[in-house]
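Coordinates in review
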Amino acid sequence: MSPASRYITCAGYEIHVTEWGAPDAPAVIAWHGLARTGRDMDELAAHLAAQGWRVVCPDTLGRGLSQWGRDPLHEYCLRFYARLAADLFDQLGIARAHWVGTSMGGAIGTVCASGLFAPQFKGRIQSLVLNDNAPELSALALERIKAYAGQPPAFDTVTELEAFFRQVYRPYGWLSDAQWRRLTETSTRRLGDGRVTPHYDPAMVQQFTHHADDYLIWEHYDALDIPVLCLRGAESDLVLPDTVAAMHQRGPGARGLLQVIEVPGCGHAPALNVPEQLAWVAGFLQRSAAPGEGGDAALCY
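Quick summary incoming for the structure in this document. None of the values given here were measured: they were computed from a predicted structure.

1. Examining the overall build of the protein
For the protein, the helix and strand inventory stands at twelve helices and ten strands. Its C-alpha atoms give the protein a radius of gyration of 18 Å, within 12% of the compact-globule value 19 Å for 301 residues. Based on the C-alpha atoms only, the size of the protein along its principal axes is roughly 55 × 40 × 40 Å. A burial count over the protein gives 58% of its 301 residues as buried. Long-range contacts, defined here as pairs at least 24 residues apart, represent 75% of the contacts in the protein between residues at least 6 apart. Carbon and sulfur atoms provide 52% of the accessible area of the protein, an area that totals close to 11900 Å².

Next comes the structure, spelled out in structure tokens:
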């Protein structure tokens, strides 16, 4: 199964999305991590589409094939990403959807589902998968991410760039050689001097310098009254065990709506590309679905 590639206008910007599955099927939004693209979700999207879901995988502003922000200070932040997401729903005619988010994508899903930034979202997100994301992140890990994301290197060849990606994203867990090659080819742009570098706008790291607490979102998490699945990389330095323990005591955790799975052999963040991880996400979505969604009859959460 191959995706459809589309360009739509959201918040005044051209945003690239890949779509999988039938356009009239129940919707899942699959949103990538900080310095990545929607193509990271290919394996998950193909798996879910085969089970009867419509899966929409955006490239965030400043990433992949989407336009870059004109005002990095005010646009590379969760509040503006929620505005992009609201327009995405409207442009694609999506009334309600489930949300799967890796890292930053999980945070965007959290602030959308809470309705605090975008009240029009309240009740429109039916369930939330946080792939190695939480309402509070390790400060040391955030510093590590800023160090490599804010100053992307440049290489003479794509082969060298792939070697860099294999090192930086080793915590993703197992990827086949073909998957590493696709990750590289969908994450590359060529500079004016002919060298290659990661695809994203380096200014997106201003989210951390000008919005220091942007990822401290307990208020949004506490407002959630939907099923939440947290996939924590067992070796993650971003989502700490103490934070997960607090998640069980607050918001959806206190309401009995939180499930946490430790993903062995992964750090930040599981690639969602192997059968076990795909089954966890698909099973959670099925349990969270309304009757008639996603193919089989929905199960109680």
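2. Considering the pairing of strand β1 (residues 4–10)
As judged from the seven bridges shared by β1 and strand β2 (residues 13–20), these two strands associate in the antiparallel manner. In the strand pairing of β2, cysteine 10 is matched with tyrosine 13. In sequence, β1 turns back onto β2 through a hairpin of two residues, with alanine 11 there showing a positive phi of about 55°.

3. Description of the layout of surface pockets
Empty space among the atoms can be located by rolling a probe the size of a water molecule over them. Its boundaries defined by the atoms lining it, the largest pocket holds a volume of some 220 Å³. A total of four residues in the lining of the largest pocket trace back to one element, the largest contributor, which is helix α5 (residues 139–149). When the residues that make up the lining of the largest pocket are grouped by side-chain class, the tally is seven nonpolar, one polar and four charged.

4. Some words on the pattern of salt bridges
Taken as a whole and judged by the stated rule, the model has 14 salt bridges. Among the salt bridges present, the one from arginine 39 reaches aspartate 42, with a minimum N-O distance of 2.8 Å. Among the residues examined, arginine 39 registers a relative accessible area of 26% and is labelled partly exposed. Assessed through its relative accessible area of 6%, aspartate 42 is described here as buried. Residue aspartate 193 pairs with arginine 195 through a salt bridge whose shortest N-O separation is 2.8 Å.

5. Describing the pairing of strand β9 (residues 228–233)
The element β9 is largely enclosed, with a buried count of six among its six residues. Of the two faces of β9, the one lined by Val228, Cys230 and Arg232 and the one lined by Leu229, Leu231 and Gly233 are each fully buried. Here strand β6 (residues 125–131) runs beside β9; their pairing, made up of four bridges, is parallel. Within β9, the position partnered with leucine 130 by the bridge is cysteine 230. When β9 meets strand β10 (residues 258–263), the two strands line up parallel, connected through six bridges. Looking across to β10, one finds that valine 228 is bridged to leucine 258.

What counts as what
- Residues numbered from 1 in each chain as written.
- Predicted model: local features only at pLDDT ≥ 70, side-chain atom pairs only at ≥ 80, totals over all residues.
- Heavy atoms only, no water.
- Helix = DSSP H or I, 4+ residues; strand = E, 2+ residues; numbered from the N terminus.
- Rg over C-alpha atoms; globule rule 2.2 N^0.38 Å.
- Buried < 20%, exposed > 50% of the residue type's maximum accessible area, 1.4 Å probe, protein only.
- Contact = heavy atoms within 4.5 Å.
- Areas by Shrake-Rupley, 256 points an atom, 1.4 Å probe, with all protein chains shown as cover.
- Pairing = 2+ DSSP bridges.
- 1 Å grid on protein atoms, 1.4 Å probe; cavity = no way out; pocket = protein on both sides within 12 Å on 5 of 7 lines; lining within 4 Å.
- Points joined across faces, edges and corners; volume = space filled by probe spheres on them.
- Nonpolar A, V, L, I, M, F, W, Y, C, P; charged D, E, K, R; others polar.
- Salt bridge = Lys/Arg side-chain N within 4 Å of Asp/Glu carboxyl O.

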